[in-house]
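# Results of the structural survey
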Amino acid sequence: MIKVRTANSLDAASMARILNAIIEKGGTTAFTHRVTDETIIEWMCQNHEQASWQVALNNDDAVVGFQWVKPAHYLPDEAVDIATFVQTGQTGLGIGSLLFKVTQTAAKAIGYKWINANIRADNKGGLIYYKSLGFVEYEQIQAATLENGQVLSLIHISEPTRRTP
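A brief look at the structure comes next.

What follows concerns the overall build of the protein. When helices and strands are counted, the protein shows four helices and seven strands. In the protein, the succession of helices and strands from N to C terminus is β-α-α-β-β-β-α-β-α-β-β. Taken over C-alpha atoms, the radius of gyration comes to 15 Å for the protein, in line with the 15 Å a tight globule of 165 residues would show. Along the three orthogonal principal directions, the C-alpha set of the protein runs to about 40 × 35 × 30 Å. Expressed as a percentage of the 165 residues in the protein, the buried residues total 42%.

Right, dumping it as structure tokens:
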């Protein structure tokens, strides 16, 4: 049984491990460089009161996924950006959906009206996941450049309550 709780700095090493495995596999995240637990802690501290971080734990209380929402400079104040990462080999089991229930509630409690996700156009699993939550595509960026120089398309997808930015 998976349970979800608010993330803390003690979860950072597990979150970095999960994200690094996804980065190494390639093709689903815009992150291209390995991260450390210190990097995760730094991210968690940025805009702390305007962000929310959740972790999904298995029966052994091991972190098997995490999700955050935090403000983004390209979104209006009423919106927040989301990122979801589930341990390789554990996708499709409902972990992301459980995380989203808690994250969505937290985002609304902070005062956000809608949630945005930026998905690589080639990340079919990510698109299916967010669409299963009711998200709808509203914009494509045809030539986005990742930090490693790779150029690809990104899709902006959001909750249907989105208003035009």
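Turning next to the environment of Ala7. Relative to the elements of secondary structure, Ala7 occurs in the loop between strand 1 (3-6) and helix 1 (12-25). Take Ala7: its relative accessible area is 11%, and that puts it in the buried class. Distance from Ala7 to Met44, taken between C-alpha atoms, is 8.9 Å for residues 37 residues apart in sequence. Discounting chain neighbours no more than four positions away, the residues touching Ala7 are Met15, Met44, Trp53, Gln54 and Val55.

So, on to helix 2 (residues 37-45). All of the buried residues along helix 2 are Ile40, Trp43 and Met44. Along helix 2, the residues classed as buried sweep out an arc of 100° about the axis, all on the same side. Among the exposed residues of helix 2, those oriented more than 90 degrees off its buried face are Glu38, Glu42 and Cys45. Against the buried residues of helix 2 lie helix 1, strand 2 (52-57) and strand 3 (63-70). Of the residues flanking the end of helix 2, it is Asn47, one or two places downstream, whose phi is positive at about 50°.

Here the focus is the nonpolar core. The nonpolar side chains of a soluble globular protein tend to be buried with one another. Membership of the largest hydrophobic core comes to 21 residues, with the highest contact counts inside it found for Met15, Leu19, Ile40, Trp53, Phe66 and Phe85. Those elements that place two or more of their residues in this core are helix 1, helix 2, strand 2, strand 3 and strand 4 (79-86). The dominant element in this core, judged by the number of residues it contributes, is helix 1, at seven residues. The contacts of Met15, once residues within four sequence positions are left out, are Ala7, Asn8, Ile40, Met44, Trp53, Val55, Val63 and Phe66. The next biggest cluster of nonpolar side chains, apart from the first, holds 15 residues, and it includes Val69, Ile82, Phe100 and Ile157.

This part is about the pattern of salt bridges. This structure, assessed with the given rule, holds five salt bridges. Linking Glu24 and Arg34 is a salt bridge whose minimum nitrogen-to-oxygen distance equals 2.3 Å. Of this pair, Glu24 sits in helix 1 while Arg34 sits in the loop between helix 1 and helix 2, and the two are ten residues apart along the sequence. Using a relative accessible area of 58% as the deciding quantity, one classes Glu24 as exposed. Using a relative accessible area of 56% as the deciding quantity, one classes Arg34 as exposed.

Rules used in this analysis
Residues numbered from 1 in each chain as written. Predicted model: local features only at pLDDT ≥ 70, side-chain atom pairs only at ≥ 80, totals over all residues. Heavy atoms only, no water. Helix = DSSP H or I, 4+ residues; strand = E, 2+ residues; numbered from the N terminus. Rg over C-alpha atoms; globule rule 2.2 N^0.38 Å. Buried < 20%, exposed > 50% of the residue type's maximum accessible area, 1.4 Å probe, protein only. Contact = heavy atoms within 4.5 Å. Arc of directions from axis to C-beta. Core = buried A, V, L, I, M, F, W, Y, C linked by side-chain atoms within 4.5 Å. Salt bridge = Lys/Arg side-chain N within 4 Å of Asp/Glu carboxyl O.

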